[in-house]
Amino acid sequence: MSTSRSNSSLLKRGFKADAERKSLHFRELLGLKKHDPMPATELAKHLNIKIITPSEIPGIPDDLLELLHKGRDLWSAAIFSRAEKKYIIHNPLHSPARQESNLMHELAHAICEHQLMELETALTSCVIPLRKYDIVQEAEAECLGACLQLPQKALFHYYHILKKNNSEISNIFTASSEMVRYRLSITGVLRIKYPK
Ligand SMILES: [Zn+2]
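Every value quoted in this text rests on a predicted model; they were computed, and no experiment measured them. Counting from 1, residues in each chain are numbered in the order their sequence is written. Reporting of local features is limited, given that this is a predicted model, to residues whose pLDDT is at least 70; pairs of side-chain atoms are given and counted only at 80 or more, and all residues count toward the totals for whole chains, interfaces and linings. Note that the side-chain values use all heavy atoms of the structure and ignore hydrogens as well as water.

A.B. asks: Kindly report on the pairing of strand β2 (residues 77–82), identifying the contributing residues and their values.
C.D. replies: In terms of burial, β2 is largely enclosed, as five of its six residues are buried. Each pair of strands is called paired provided DSSP finds at least two bridges between the two strands. Going along the chain from the N terminus, every DSSP run of H or I of four or more residues is numbered as a helix, and every run of E of two or more is numbered as a strand. In the sheet, β2 pairs with strand β3 (residues 85–90) via six bridges, with the strands oriented antiparallel. Looking at β3, one finds that Ala77 is bridged to His90. Linking β2 back to β3 in an antiparallel pair, the connection comprises two residues, with Ala83 at a positive phi of about 55°. Bridge analysis of β2 against strand β4 (residues 117–118) gives two bridges, and the strand direction is parallel. By the bridge assignment for β4, Phe80 is matched with Met117. Throughout, exposure labels follow a simple rule: accessible area from a 1.4 Å probe, protein chains only, divided by the maximum for the residue type, with under 20% read as buried, over 50% as exposed, and the rest as partly exposed.

A.B. asks: Tell me about the packing of helix α7 (residues 152–161) against helix α8 (residues 166–173), and please be specific about residues and values.
C.D. replies: It is the contact of α7 with α8, at a shortest axis distance of 10 Å, that shows an interaxial angle of 130°. Taken together, the axes of α7 and α8 are oblique relative to one another. Two packed elements cross with a definite hand, and for α7 against α8 that hand is right-handed. Along the contact surface, α7 presents Ala154, Leu155, Tyr158 and Tyr159, while α8 presents Ile169, Ile172 and Phe173. The residue inventory of the contact of α7 with α8, partitioned by class, reads seven nonpolar, no polar and no charged. Here an axis means a line fitted to C-alpha atoms, over the contact stretch when the element is a helix, while the angle between two N-to-C directions is reported on a 0 to 180 degree scale. Orientation categories follow fixed angle ranges, with anything under 35 degrees roughly parallel, anything over 145 roughly antiparallel, 65 to 115 roughly perpendicular, and all other angles oblique. Put simply, a crossing is left-handed when the front helix is turned counterclockwise from the back one by less than a right angle, and right-handed when it is turned clockwise. The contact rule is simple, with two residues in contact once any of their heavy atoms fall within 4.5 Å. Think of it as three bins: nonpolar holds Ala, Val, Leu, Ile, Met, Phe, Trp, Tyr, Cys and Pro, charged holds Asp, Glu, Lys and Arg, and polar takes everything else, Gly as well.

A.B. asks: How would you explain the environment of Ile52 if you had to name every residue and give the values?
C.D. replies: Locating Ile52 in the fold gives a position in strand β1 (residues 49–52). Residue contacts for Ile52: discarding those within four places in its chain leaves Ile57, Tyr87, Ile88, Ile89 and His90.

A.B. asks: Describe the packing of aromatic side chains, listing the residues and the values that go with them.
C.D. replies: Pairing of aromatic side chains requires ring centres within 6.5 Å, counting the rings of Phe and Tyr and the six-membered ring of Trp. Pairs whose planes differ by under 30 degrees are stacked, by over 60 edge-to-face, and all others tilted. Under the counting rule described, the total for this entry stands at two aromatic pairs. Pairing Phe156 with Tyr194 gives two aromatic rings, centres 5.3 Å apart and planes at 85°, and the pair type is edge-to-face. Taken as a pair, Phe156 in helix α7 and Tyr194 in the segment after α9 (177–186) lie far apart in primary sequence, 38 residues in all. Of the residues examined, Phe156 reaches a relative accessible area of 23% and is grouped as partly exposed. Judged by its relative accessible area of 32%, Tyr194 is partly exposed. On the basis of an interplanar angle of 90° and a centroid distance of 5.3 Å, the ring pair of Tyr158 and Phe173 is categorised as edge-to-face. Remark: Phe173 occurs in helix α8 and Tyr158 occurs in helix α7; sequence separation between them is 15 residues. Comparing Tyr158 with Phe173, the two get one shared label, buried.

Right, dumping it as structure tokens:
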């Protein structure tokens, strides 16, 4: 699950730079250019993580399914393990931009090797919408998830070299314009002097 962006002070030194490197590394593994959009579904496939919606969970209790459906504005996505496999259960009713950032956030938990809850435990205790990691792990997933979606190199390329505006970058990367604005600022791309 995601949290606010105000916890980046919890990140250990070097985490952000490493997150940028990971983002580019996965692009390379997927045969993409450093500045290309990297769809979360492609990254999930590469990491062998299955993305499903609640109704696709085998054996999901009816009352939990109903709870997730009724509270559809209250939850975004969560990652679980079952046997050796990892699953992201996500809410397909959110906007495409929100879904993309939700998925990247959950993929980031897996890439950071955070301890994942067993799906069976989640099903029996009905905690799917309430799954929470500790605040440091949430800050890590928030940072890495955002870097995976919008690495600094990609923002530089589209903003300075291709002269794309915020909403064009949003469309290209399936990101909200708020997220693009935030990333352009936090990565320092806005402050870079580049010939117009
Ligand atoms: Zn999370």
